[in-house]
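The chain contents come next:
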There are 2 protein chains.
Amino acid sequence: MPERLVVIGGDAAGMAAASQARRLNPNLDIVDLERGTRTSYSACGIPYLVAGDVASPDDLVARTPEEFRREHRIDVRMRHEAMAVDLDARTVEVRSLDHDRTFRLGFDQLMFGTGARPIRPALPGIDGAQVRGVQTLDDGCHLLTQAKEMGCRDVVVVGAGYIGLEMAEAFHRWGARVVLVEAAERPMSRTLDPDMADRVVGQIHRLGIEARFGVGVEGFEAGVVHTAAGPVRADLVVLGLGVAPESTLAEQAGLTLGTRGSISVDRRQAASAPGVWSAGDCAETYNRVSQRRMHVALGTVANKTGRVAGVNIGGGYATFPGVVGTAITKVCGTEVSRTGLSTDEAERAGFQVVSATVETTTVAGYLPNAEPMTAKAIAEKGTGRLLGFQIVGGAGAAKRIDTAATAITAEMTVMDVVELDLAYAPPFSSVWDPVQVAARAVVRQV
Amino acid sequence: MPERLVVIGGDAAGMAAASQARRLNPNLDIVDLERGTRTSYSACGIPYLVAGDVASPDDLVARTPEEFRREHRIDVRMRHEAMAVDLDARTVEVRSLDHDRTFRLGFDQLMFGTGARPIRPALPGIDGAQVRGVQTLDDGCHLLTQAKEMGCRDVVVVGAGYIGLEMAEAFHRWGARVVLVEAAERPMSRTLDPDMADRVVGQIHRLGIEARFGVGVEGFEAGVVHTAAGPVRADLVVLGLGVAPESTLAEQAGLTLGTRGSISVDRRQAASAPGVWSAGDCAETYNRVSQRRMHVALGTVANKTGRVAGVNIGGGYATFPGVVGTAITKVCGTEVSRTGLSTDEAERAGFQVVSATVETTTVAGYLPNAEPMTAKAIAEKGTGRLLGFQIVGGAGAAKRIDTAATAITAEMTVMDVVELDLAYAPPFSSVWDPVQVAARAVVRQV
């Protein structure tokens, strides 16, 4: 009998692993279990589905179950949920959700790509039907259907991180009256330094989204969200409080968990039992700058770690070197990005830091389409090593973060960054790229 | 008497050097000689002045002579031309162009920031008043005035490199009928690999610019350009055949010249005589990838090398590590960029190369504003070291070249590039950034 790989989860990490394993080992018997109705979709695209930029959820699907079956000979079983794993017996207990039938499936190798779930704080009314998290594409579809069927007018978004801000904008564009409620004093408070986060606030208001910062949510009732500052009307509540790794099944199977309950893996994405692997939003990862294990739920990381797991499962050799903490979003017409460590994260990792925030423009200042752009560089005191970078600005601002991410990966100093040969022409940049302007401003303090 | 620095040239390199020298040495007597009428302007902005995006040439001036005088105590003398340099006597012979008066100016240190001049091939009629190069802002102003006064309808642009393409588009937008004549078989043939250059051709035609490739120019007469393929009507002819370093004065003074007649300098921007410096378009530079001396005329390099010269003149210590060959332009709505070595340049530098060209999109393919984007990665056979990168595509495509430029500077391999933690969200990129998609395609060939 051929060796069998069972993959739990049919999104980015699971399917990347399955595809790579197939590429390396044509003889492997590969079964993928997905409890939802779609494979390999862009969860990051959900806000654009809600906003109407994307016509159909099918547009967000990179590859269908049928394509995986036909092109990769992967036995994708949709609406099949893994209920329990017996690592000694090497079996998974599987429930077919459509047929209400349970069976056991043997495996030689097992891959956990179970993803993450929206954090739902233990507040009164949190389980109300109108209080929705958004994680899977199925969640996104349900949310949109519910909003339409309810003739939804008032939407409250709880939490002003990436997902919260993107969903707030999406529902605003969809046509709802949106109130954003955030317990912290500013948006993106776990992502950006306070001076940079403050620059996002004006943009949120400018778009016509009402935002209440420093206001905690106390509970939910039909039609209303109770906050520390009083009740807020809400036909629908969208949770944007971040996600937690979906590792319950792995934990019950006896696998070791790490940071924030993520599945502990080594650099080859191997979990704590032989022949068991994990990748994506459910797995632990490593930050190359802080040199600490961390949990991050991002599509890029899911694709990369899934691929690494798949190569190793297929008999090859691949390692994942970790992340440097890059993230990007577009909210209310403003581009926001970060990489490396924030000031607070750097200090908690033991660095003494110097930093500078500079005001520049997205393109040559004399062109009519020049927009303001703020860039912040964070470096190690003494050595000048670039530790972090943050950008808030107009069109074309945020993707420059990749320059800083690459420089951080190469352990460049701010002096090295000033010397980089970056591209300049008036429609793209000022003659010194904003990344270099910020680095130069830090050089003087090193 | 205080030490005196004489700077020849009042644009990017000269003024960056003068300003840095002032910053480091408050006692220096600094005289700047500029034969034109403006300091520190963006020559790269001239096409946008012609096209009408920029209302006045003054908008392209970063800092006026008055500002340099007042804020930096630099004795800027406009319309003063350096006619000869006596390195033994330490004097410059200066002509005041407005007063037709010549005088000698002593110096302790001398900085050549004389820039470059458009290449004018020895063809019949090349000195006709209607045949114009575009290098200085004064050139740009004259060109525009002439075009307006002549009621210019037909413009021929000779040469389809950056400057030629940008000027062709500018005059097209200004309202002229533009014919572009290029001796090579394709545009940007010294910049891009042939397969990438071919992708620019369609864009040029689409905009309504008539382009004739593989057609040499044979001479000029009033109203007509004679080409190998027959005469072309031309009220005005714009030369876009590249530039040569303006090093005549330096050569006559006895300084050593290097590649293509550029002024030979060491890593501190010191020329071949003591106390003499050079930077910018007139000076030689170094390519970190080919490890060869080269000549490059770009605003970024002028600013950086000018700054290095100024620090050293002021008594500090700074070196210029060289370029990696980054350049970018926007032509006819298409973004084009390159960094490192082209395939041809890499092979001439002795590398055996592997490469891959991939078709991707500027943002997530399911968003309505996704545009096609082609990316090419060039790497060393065997080691996988990234040697070059080229991009042609829609809005947001080209500035990604900075990621590759930074990776090349850090001597990363294509495997390293695949592992980079680059920013992804649907409005910015596909989940694997196009730079990584191209790198992945090369990995398989290494």
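## Overview of the sheet that holds strand β13 (residues 217-221) of chain A
Strands belonging to one sheet form pairs held by backbone hydrogen bonds; the direction of such a pair is parallel or antiparallel. Residues and elements named next belong to chain A. Strand order in the open sheet formed by three strands is β13-β14-β15, and the pairing between neighbours is antiparallel. The open sheet has two edge strands with one neighbour each: β13 and β15 (230-234). For this sheet the average axis-to-axis angle between neighbouring strands, irrespective of direction, equals 25°. Of the strand pairs in this sheet, β13 and strand β14 (residues 223-227) are connected by four bridges, and their pairing is antiparallel. Following the sheet pairing, Val-217 is matched in β14 by Thr-227.

## Things to note about the interface of chain B and chain A
Between chain B and chain A, the contact holds 49 residues from the first and 49 residues from the second. Looking at side-chain class alone, the side of chain B that touches chain A contains 29 nonpolar, twelve polar and eight charged residues.

## Comments concerning the domain arrangement of chain A
Residues and elements named next belong to chain A. Taken domain by domain, chain A consists of domain 1 (4-116 + 245-313), domain 2 (120-239) and domain 3 (333-443). Centre-to-centre separation of domain 1 and domain 2, based on C-alpha positions: 29 Å. The interface is formed by 15 residues belonging to domain 1 together with 15 residues belonging to domain 2. No other element matches helix α2 (residues 46-51), which puts five residues into the side of domain 1 that touches domain 2. Class assignment for the residues of the side of domain 1 that touches domain 2 results in ten nonpolar, four polar and one charged.

## Some thoughts on the sheet that holds strand β4 (residues 80-86) of chain B
All names here are of chain B. Sheet architecture is open: three strands sit in the order β4-β5-β6, paired in antiparallel fashion. Each having just a single partner strand, β4 and β6 (101-106) make up the two edges of the open sheet. The mean inter-strand angle of the sheet, taken between neighbouring strand axes irrespective of direction, is 25°.

## What about helix α8 (residues 299-313) of chain B?
Since there are 3.6 residues in each turn of an α-helix, residues three or four apart along the chain are aligned in direction. Taking 1.5 Å per residue, 15 residues should reach 21 Å; α8 of chain B reaches 21 Å between its end C-alpha atoms and fits that length. Backbone geometry just downstream of α8 of chain B places Gly-315 of chain B in the positive-phi region, at approximately 100°.

## Let's talk about the relation of the copies chain B and chain A
Mapping chain B onto chain A is achieved by rotating through 180° and translating by 0.0 Å along the same axis, at an RMSD of 0.0 Å. The relationship between the two copies is best expressed as a two-fold rotation axis. Within chain B, Thr-403 of chain B has its C-alpha nearest the rotation axis, a separation of 2.5 Å. When the interface residues of chain B are mapped onto chain A, 100% of them again lie at the interface, so the same face is used by both copies.

## A closer look at the packing of helix α1 (residues 12-24) of chain B against α8 of chain B
Residues and elements named next belong to chain B. For the pair α1 and α8, the least separation of the axes is 7 Å and the interaxial angle reads 30°. Viewed along their axes, α1 and α8 adopt a mutual orientation that is roughly parallel. Regarding α1 and α8, the two cross each other, and that crossing is right-handed. On α8, the residues touching Ala-12, Ala-13, Gly-14, Ala-16, Ala-17, Ala-18, Ser-19, Gln-20, Ala-21 and Leu-24 of α1 are Gly-299, Ala-302, Asn-303, Thr-305, Gly-306, Arg-307, Ala-309, Gly-310, Val-311 and Ile-313. Looking at side-chain class alone, the contact of α1 with α8 contains eleven nonpolar, eight polar and one charged residues.

## Observations regarding the environment of Glu-182 of chain A
Residue and element names in this part refer to chain A. Among the secondary structure elements, Glu-182 is positioned in strand β11 (residues 177-182). With 25 C-beta atoms packed within 10 Å, Glu-182 lands in the buried category. Separated by 35 residues in the primary sequence, Glu-182 and Val-217 place their C-alpha atoms 8.0 Å from one another. Apart from the residues within four sequence positions on either side, Glu-182 is in contact with Gly-159, Ala-160, Pro-187, Phe-213 and Val-215.

## Quick word on the pairing of strand β25 (residues 386-393) of chain A
Residue and element names in this part refer to chain A. Of all the eight residues making up β25, eight are buried; the element is thus mostly covered by neighbouring parts of the structure. Pairing analysis gives six bridges linking strand β22 (residues 334-340) to β25, with the strands arranged antiparallel. Of the residues in β25, the one forming a bridge with Glu-335 is Gly-393. Bridge analysis of strand β24 (residues 372-380) against β25 gives seven bridges, and the strand direction is antiparallel. Across the sheet, the residue bridging to Ile-378 is Gly-388, located in β25.

## Some details on unusual backbone geometry
All names here are of chain B. Even without a glycine there, the phi angle at Met-188 is positive, about 50°. Here Met-188 lies in the loop between β11 (177-182) and α6 (194-206). Unlike most non-glycine residues, Cys-332 shows phi in positive territory, near 55°. As for its position among the elements, Cys-332 is in the loop between β21 (327-331) and β22 (334-340). A residue is classified by how many C-beta atoms lie within 10 Å of it, and Cys-332, with 21 of them, is buried.

## Focus: the environment of Pro-434 of chain A
All names here are of chain A. For Pro-434, the position within the fold is in helix α12 (residues 434-443). C-alpha of Pro-434 to C-alpha of Ala-279: the two residues are 155 residues apart in sequence and 35 Å apart in space. Excluding anything up to four places from it in sequence, Pro-434 contacts Thr-360, Met-373, Ala-375 and Arg-400.

Thresholds, definitions, all that
Residues numbered from 1 in each chain as written. Chains lettered and ligands numbered in written order. Predicted model: local features only at pLDDT ≥ 70, side-chain atom pairs only at ≥ 80, totals over all residues. Pairing = 2+ DSSP bridges. Helix = DSSP H or I, 4+ residues; strand = E, 2+ residues; numbered from the N terminus. Axes fitted to C-alpha atoms, helices over the stretch in contact; angles between N-to-C directions. Contact = placed C-beta atoms within 7 Å. Nonpolar A, V, L, I, M, F, W, Y, C, P; charged D, E, K, R; others polar. Domains from an automatic or database assignment. Expected span 1.5 Å × (residues − 1). Least-squares fit on C-alpha atoms with pLDDT ≥ 70 in both. Parallel < 35°, antiparallel > 145°, perpendicular 65-115°, else oblique. Left-handed = near helix turned anticlockwise from the far one by under 90°. Buried ≥ 20, exposed ≤ 12 C-beta atoms within 10 Å, placed from the backbone.

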